[in-house]
Amino acid sequence: MLAKLQRSNRRKKRKWLRIVLLIAGLIVLSLGVYLFSLWRSVSNALDAMHQPIRETSEKRLEEISLKKSDPFSLLLLGVDEREGDRGRSDTMIVITVNPNTESMEMVSIPRDMRTEIIGRGTLDKINHAYAFGGVEMSIDTVENFFDIPIDYFIQVNMEGFKEIVDAVGGVTVENDLEFSYGGDYFPKGTVTLNGDEALNFARMRKGDSRGDFGRQLRQRQIIEAIIKEGASLKTLTNYGDILTALGNNVKTNLTFNEMVNIQKNYKNAAKDIEQHQIEGSGATIDGIYYYIVPDEERLALQTMLKEHLEIEQS
């Protein structure tokens, strides 16, 4: 009787063990399918985003290594690009990243800043460089102005802002100016925006006494809010929409391995972010408005960025 009871208990244990193993197997299988789907979506999005340009800047005397945590520079371009029109780079931000000092420098470039457009040999508004020659002419022109290499670029289609914002479920920002634009009203204080509202929030310029500087501030707020929302756990179930939106609206010459190295070796640099506006004054030349930057301001910016990139001063 005792032996029969023991055999019965063993059969029950084996039965429960099989059930547990079956459940575990289903969980592992489901996880595997999910991870494969995620990997495929990431791979497809990165393929759509990747836009290779020249190999190395002529101003980069020694090739940098992200594996060795060398300081690097990046140009962020916010392009108002619509169907049938290449558009202009209404947002241009130079970012230098130094993991040794655990810091980042961000310099916002006024869209109307007058400078030499490299490749055309003319003096014009810097945001026209993109209209004339795309990303590469923009990079060449920015490199010439700051006398530093631009190692990477990220181009965001401002028209696609709304798609990205909706994909992360909307964004929340602190608004310091009450205004209306595009049929939307934006009160001062904390505001939560959907895609269409975020696009109008980022585009308004003429109703702000700060002009271009005010718009750049709002655009940076939207970009920062998108990054925060995209990194939150609640977006994991929505990763497909997010990756599709990024693939449709973001271009970069960063490869997947370079992105992994930046995440691994440079994340502490975000501890200290300094933001800079370029000081200058407005002037009308031949009936056209320009933002004029004094030579001493340009030299001061060049010195600051070179020091941050650990480049020898010439």
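Computed from a prediction, not measured in an experiment: that's the story for all the values here.

Thresholds applied
Residues numbered from 1 in each chain as written. Predicted model: local features only at pLDDT ≥ 70, side-chain atom pairs only at ≥ 80, totals over all residues. Heavy atoms only, no water. Helix = DSSP H or I, 4+ residues; strand = E, 2+ residues; numbered from the N terminus. Buried < 20%, exposed > 50% of the residue type's maximum accessible area, 1.4 Å probe, protein only. Contact = heavy atoms within 4.5 Å. Areas by Shrake-Rupley, 256 points an atom, 1.4 Å probe, with all protein chains shown as cover. Core = buried A, V, L, I, M, F, W, Y, C linked by side-chain atoms within 4.5 Å. Salt bridge = Lys/Arg side-chain N within 4 Å of Asp/Glu carboxyl O. Pairing = 2+ DSSP bridges. Phe/Tyr/Trp six-rings, centres within 6.5 Å; stacked < 30°, edge-to-face > 60°. Lys NZ or Arg CZ within 6 Å of the ring centre and 35° of its normal. pLDDT = per-residue confidence, 0-100. Polar contact = N/O pair within 3.5 Å; in protein donor to acceptor, adjacent residues only side chain to side chain.

Our next topic: the overall build of the protein chain. Across its full length, the protein chain carries eight helices and 14 strands. Burial statistics for the protein chain: of 314 residues in total, 43% are counted as buried. Within the protein chain, contacts between residues at least 6 apart in sequence are counted, and of these 65% link residues at least 24 apart. Accessible surface for the protein chain amounts to roughly 17,500 Å². Of this, 53% is attributable to carbon and sulfur atoms.

Turning our attention to the nonpolar core. Membership of the largest hydrophobic core comes to 39 residues, with the highest contact counts inside it found for F72, V171, L193 and I222. Core analysis: the next-biggest nonpolar cluster, separate from the first, contains 26 residues, F146, I150, Y291 and V293 among them.

All told, the structure shown has nine salt bridges when counted by the stated rule. For the salt bridge of K59 with D147, the shortest nitrogen-to-oxygen distance reads 3.0 Å. Residue K59 is located in the loop between α1 (2–49) and β1 (72–82), and its partner D147 is located in the loop between α2 (128–146) and β6 (152–157); the two are separated by 88 residues in the primary sequence. A salt bridge links D112 to R111, with the shortest nitrogen-to-oxygen separation between them at 3.8 Å. If you follow the salt bridges from partner to partner, you end up with D176, D208, R210 and R218 in one network.

Burial of β6 is extensive: five of the six residues sit out of reach of the surface. The pairing of β6 with strand β11 (residues 250–252) spans three bridges and is classified as antiparallel. Bridge pairing links I154 to T252 in β11.

It is worth spelling out unusual backbone geometry at this point. Phi at S69 is positive, roughly 65 degrees, even though this residue is not glycine. Relative to the elements of secondary structure, S69 occurs in the loop between α1 and β1. Positioned with a positive phi, D286 is a non-glycine residue whose angle comes to about 55 degrees. For D286, the location among the structural elements is in the loop between β13 (281–285) and β14 (288–292).

This next bit is on the packing of aromatic side chains. With the rule as written, the count across this model stands at seven aromatic pairs. With centroids separated by 4.9 Å and ring planes inclined at 35 degrees, the aromatic side chains of F179 and F186 adopt a geometry described as tilted. According to the relative accessible area criterion, F179 is buried, its value standing at 6%. Under the relative-accessibility criterion, F186 is labelled buried at 2%. Through pairs of rings, three or more aromatic residues link up here, namely F72, Y152 and Y266. One residue, R114, lies across the ring of Y290, its end atom 5.1 Å from the ring centre. Positioned above the aromatic ring of F179 is the side chain of R218, whose terminal nitrogen or guanidinium carbon lies 5.1 Å from the ring centre.

Once that is clear, we can look at the confidence of the model for the protein chain. On average, residues of the protein chain carry a pLDDT of 81, and 78% of them reach 70 or more. Confidence drops under a pLDDT of 50 for residues 30–36, and excluding neighbours within four residues, the segment shows two contacts in the predicted structure.

A separate point is the pairing of strand β7 (residues 171–175). Alternating residues of β7 divide into V171, V173 and N175, all buried, and T172 and E174, none buried. Pairing of β7 with strand β10 (residues 189–193), which is carried by five bridges, proceeds in the antiparallel orientation. Residue N175 lies in a different strand from β10, and its bridge partner there is G189.

This part covers the side chain of Q155. Position of Q155 among the secondary structure elements: in strand β6. Note on Q155: relative accessible area 6%, which makes it buried. There is a polar contact of 3.2 Å between the side chain of Q155 and the side chain of Y130.

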